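Structural features, examined
Chain residues, written in single-letter form:
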Amino acid sequence: MKKVLPLFSLVSAFAIMLSCQPKTEQAAETTTQSESSVEFSDLKVAFVLTDSVINKYEYFKTKSAELQEKGKKFESDLQGRARGFEQEVANFQQTGGNMTPNQQRAKQEELVKKEQNLMTYRDNLMQELAGDESTLYSEVYDKVQAYLKKYAEENDLDLILSYTRGGAVWYGKDALDLTDKVVEGLNQEFASEKPAAQ
């Protein structure tokens, strides 16, 4: 009787596993089909010359011209301030001999402060222009990417590649995105190599 019970348990467990197996395969099959509804043999791919798209995009040309105009105004303003400061330094050099030592020291400190303020002003202008340029490129890339996604959907394209040195993908169907699988594989490989390296 004691031998029959473990055997009965083993047979029951085996029967349960067999009855569950087809459902698992079927569920896995359904999941796989819904996750990757694209067959690689049916893949429709196109590409764009990224530099050409951006440089010929009117929005970019208009905003870039506005940015250049802003840069010229900043440069003109900065040059005016620098000339005024240089004139003040030249005046001090000419009339400084007529001042008392305390007046000279006070004027020198004032000029040092003005020079520092001028440098800070210049740095702020450059930072503002760099920020504007960064924002412009971000806006342009967002707009181009949104358009390419719409274009791909309207023209039944699965993938649009950015043809540039180093390459990049503008749009791809989620089913073609292997990022998570690749990261998982790389992490598993790294984890298996880690103990050997130590």
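Just so it is clear, the model here is predicted, and its values are computed rather than measured.

**Observations concerning the overall build of the chain**
A tally of helices and strands in the chain yields 5 helices and 3 strands. Reading the chain from its N end, one meets helices and strands in the order α-β-α-α-α-β-β-α. Considering the chain as a whole, with its 198 residues, one finds that 15% of them fall into the buried category. Here the contacts in the chain between residues at least 6 apart in sequence split such that 66% fall between residues at least 24 apart.

**Quick notes on the nonpolar core**
One broad rule of soluble globular proteins: the nonpolar side chains tend to lie buried together. In this structure, Val 48, Ile 54, Phe 60, Leu 67, Leu 136, Val 140, Val 144, Leu 148, Ala 152, Leu 157 and Ile 160 together form the largest nonpolar core, which totals 11 residues. Breaking this core down by element, the ones donating at least two residues are α3 (58-95) and α4 (101-154). The element contributing the most residues to this core is α4, with 5 residues. If we skip the residues at most four places from it in the chain, Ile 54 touches Phe 60, Val 140 and Tyr 141. Residues Phe 74, Phe 85, Phe 92 and Leu 125 belong to the second largest nonpolar core, which totals 7 residues.

**Some thoughts on the packing of α3 against α4**
Their axes nearest at 11 Å, the elements α3 and α4 cross at an angle of 175°. As the angle between them shows, α3 and α4 are arranged roughly antiparallel.

**Comments concerning the side chain of Glu 88**
Tracing the backbone shows Glu 88 in helix α3. The contact partners of Glu 88, leaving out residues within four places of it in the chain, are Lys 107, Glu 110, Leu 111 and Lys 114.

**What about the packing of aromatic side chains?**
With the rule as written, the count across this model stands at 3 aromatic pairs. Considering the side-chain rings of Phe 60 and Tyr 137, the 5.5 Å spacing of their centres and the 50° angle between planes classify their relative orientation as tilted. Within this pair, whereas Phe 60 is found in helix α3, its partner Tyr 137 is found in helix α4, the two being separated by 77 residues in sequence. Arranged with centres 6.1 Å apart and planes meeting at 35°, the rings of Tyr 147 and Tyr 151 form a pair that is tilted.

**Considering the confidence of the model for the chain**
When pLDDT is averaged along the chain, the result is 74; 63% of the residues meet or exceed 70. Model confidence for the chain, summarised as mean pLDDT per element, is weakest for helix α1 (residues 4-35) at 43 and strongest for α3 at 92. Confidence drops under pLDDT 50 across residues 1-35; counting only partners more than four residues distant or on other chains, this segment forms 1 contact.

**Here we look at the pattern of salt bridges**
Going through the model one piece at a time under the given rule, you end up with 10 salt bridges. Across the pair Glu 88 and Lys 107 runs a salt bridge whose closest N-O atoms are separated by 3.1 Å. Placement of the pair is Glu 88 in helix α3 and Lys 107 in helix α4, with a sequence separation of 19 residues. For Glu 88, a relative accessible area of 19% puts it in the buried group. Residue Lys 114 pairs with Glu 88 through a salt bridge whose shortest N-O separation is 2.7 Å. Taken together, the residues Lys 114 in helix α4 and Glu 88 in helix α3 connect sequence positions 26 residues apart. On the basis of relative accessible area, Lys 114 is assigned to the partly exposed category, the value being 33%. Through salt bridges with shared partners, one network takes in Glu 88, Lys 107, Glu 110 and Lys 114.

So, how was this worked out
For every chain, the first residue of the written sequence is number 1, and numbering continues from 1 onward in sequence order. Whole-chain, interface and lining totals are the exception, using all residues; otherwise, since this is a predicted model, local features are given only for residues with pLDDT of at least 70 and side-chain atom pairs are given and counted only at 80 or more. The basis for every side-chain value is the complete set of non-hydrogen atoms in the structure, without hydrogens or water. Secondary structure elements are taken from DSSP: a helix is a run of H or I of four residues or more, a strand is a run of E of two residues or more, and numbering for both begins at the N terminus. Exposure categories follow from relative accessible area, calculated using a 1.4 Å probe and restricted to protein chains: below 20% of the type maximum is buried, above 50% is exposed, and the middle band is partly exposed. Contact between two residues is taken to exist if any of their heavy atoms lie within 4.5 Å; hydrogens are not considered. Put simply, buried Ala, Val, Leu, Ile, Met, Phe, Trp, Tyr and Cys residues joined by side-chain atoms within 4.5 Å make one nonpolar core. Axis definition: a line fit to C-alpha positions, over the contact stretch in the case of helices; interaxial angles, taken between N-to-C directions, run 0 to 180 degrees. Each angle receives one of four descriptions, namely roughly parallel if under 35 degrees, roughly antiparallel if over 145, roughly perpendicular if within 65 to 115, and oblique otherwise. For Phe, Tyr and Trp, rings pair up if their centres lie within 6.5 Å, where Trp contributes its six-membered ring, and each pair is then called stacked (planes under 30 degrees apart), edge-to-face (over 60) or tilted (otherwise). As a per-residue measure, pLDDT tells how confident the predictor is, with possible values from 0 to 100. Each salt bridge in this description consists of a side-chain nitrogen of Lys or Arg and a carboxyl oxygen of Asp or Glu lying within 4 Å of one another.

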